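In case you want the letters, here they are:
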Amino acid sequence: MSAGSGSPARPRKTNGPVSEAGFVLDVRNLGRRPGTLRELRRTVTDHERLGLDLIAIPADAEVELDLQLQAVSEGVLVTGTASGPTVGECSRCLEPFDDQVEIRLTELFAYPDSNTEKTTEDAEVYRMEDDLVDLEPVVLDAIGLELPLQPLCSPDCAGLCPECGVRMAIAGPDHGHEILDPRWAKLAKFATDAPGTGDPAEGSTTQDPTAAAASSDAGVVSENQEEK
C-alpha cells in the first residue's frame, strides 16, 4: 500500500496511561541501565477505529505488536512493528475493500526526571508516567501517515463511467456512450424537427428559397425569348 500523509482520526490522549493493558506497556522490569533489552509481542483490540476517513483499522480489530524495548540514558526506546487489517472505500469506484497495513515504530519515551523531559515541549517528545508507556498515540500517528488519503481497491481501478456512473470493472469492453458535440446540438434538433426525410426521391415539403428564386428567374428569361 502506498504511503500518504494524513491526520489521525482521533486526537492524542493527554491524561496519560492508567495501568498496563492494550497499548499501555509496563516497563518497570526493564530497569534503567542503558542497553537493557526486552522483546514483547502482544495482540491488542481497540474499541475505536484507527486511521483516516476513507480507510482505517476498524473498531475491535486485532492489532499485532512486535516490539523491542531498550533502556537508554534519557528514557525507553521502543522499536518494532504494528500490523492489522484495514477496511476502506475506493476513492475511484467507491466500492468497499479489505487490506492489511504494517507500520514501523521508533519512539523515545522520556523518563520523568531526564534532561529530555525538562528541556522539550509536550508535543516534541512522548513521556513515561509511573513506569508506563502508552503506545496508542504513537500507533495512531503512524497509521495516519502510512495510510493513503485516496485509497484504491486495486492500483489499476478504472473508476466509474463519467456518463452513467456504472463501475467500469463490470461495464464490459463494449460499454460506451454516443457523445454529441454541443456545438451541433441545435442543428441535430433542427434536423429532427424538420418535415420530410431528406430523400430526393421523396421530395421535400419545403423549398429552398435560393432554388425558388433561380426557378423564377429562369421562367422570366424563357418568356422574354418567346416574345422575341
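You'll find the structure just up there.
Residues numbered from 1 in each chain as written. Predicted model: local features only at pLDDT ≥ 70, side-chain atom pairs only at ≥ 80, totals over all residues. Heavy atoms only, no water.

*Asks:* Which residues make up the packing of aromatic side chains, and what are the values?
*Replies:* Summed over all chains, the structure comprises one aromatic pair. With centroids separated by 5.5 Å and ring planes inclined at 35°, the aromatic side chains of Phe109 and Tyr126 adopt a geometry described as tilted. Of this pair, Phe109 sits in strand β7 (residues 96-110) while Tyr126 sits in strand β8 (residues 126-127), and the two are 17 residues apart along the sequence. Classification of Phe109 as buried rests on a relative accessible area of 1%. Taking NZ or CZ as reference, Arg32 lies 4.0 Å from the ring centre of Tyr111, over its face. (Phe/Tyr/Trp six-rings, centres within 6.5 Å; stacked < 30°, edge-to-face > 60°. Helix = DSSP H or I, 4+ residues; strand = E, 2+ residues; numbered from the N terminus. Buried < 20%, exposed > 50% of the residue type's maximum accessible area, 1.4 Å probe, protein only. Lys NZ or Arg CZ within 6 Å of the ring centre and 35° of its normal.)

*Asks:* Give a detailed account of the pattern of salt bridges, specifying residues and quantitative values.
*Replies:* Counted under the stated rule, the structure contains four salt bridges. A salt bridge links Asp26 to Arg28, with the shortest nitrogen-to-oxygen separation between them at 2.5 Å. Residue classification places Asp26 among the buried positions, given a relative accessible area of 13%. Its relative accessible area of 57% is what places Arg28 among the exposed residues. (Salt bridge = Lys/Arg side-chain N within 4 Å of Asp/Glu carboxyl O.)

*Asks:* Give me the pairing of β7: which residues, what numbers.
*Replies:* Relative to β7, strand β6 (residues 75-89) runs antiparallel, the two being bridged by 15 bridges. Along β7, the bridge assignment pairs Thr79 with Thr106. Strand direction decides the pairing type here: β7 and β8, joined by two bridges, are parallel. In the strand pairing of β8, Ala110 is matched with Arg127. (Pairing = 2+ DSSP bridges.)

*Asks:* Can you lay out the state of the cysteines for me, pointing to particular residues and giving the numbers?
*Replies:* Scanning the entire structure with this criterion turns up zero disulfides. As a non-bridged cysteine, Cys153 has Cys90 as the owner of its nearest cysteine sulfur, 3.7 Å distant. The structure places no disulfide on Cys161, whose sulfur is separated from the nearest cysteine sulfur, that of Cys164, by 3.7 Å. (Disulfide = S-S within 2.5 Å.)

*Asks:* So what's going on with helix α2 (residues 136-146)? Residues and values would help.
*Replies:* By the criterion of burial, α2 is predominantly enclosed, with eight of the eleven residues buried. Of all the residues in α2, the buried ones are Glu136, Pro137, Val138, Val139, Leu140, Ala142, Ile143 and Gly144. Tucked inside the fold, the buried residues of α2 contact β3 (50-51), β4 (55-57), β6, β7, β8 and β9 (132-134). (Contact = heavy atoms within 4.5 Å.)

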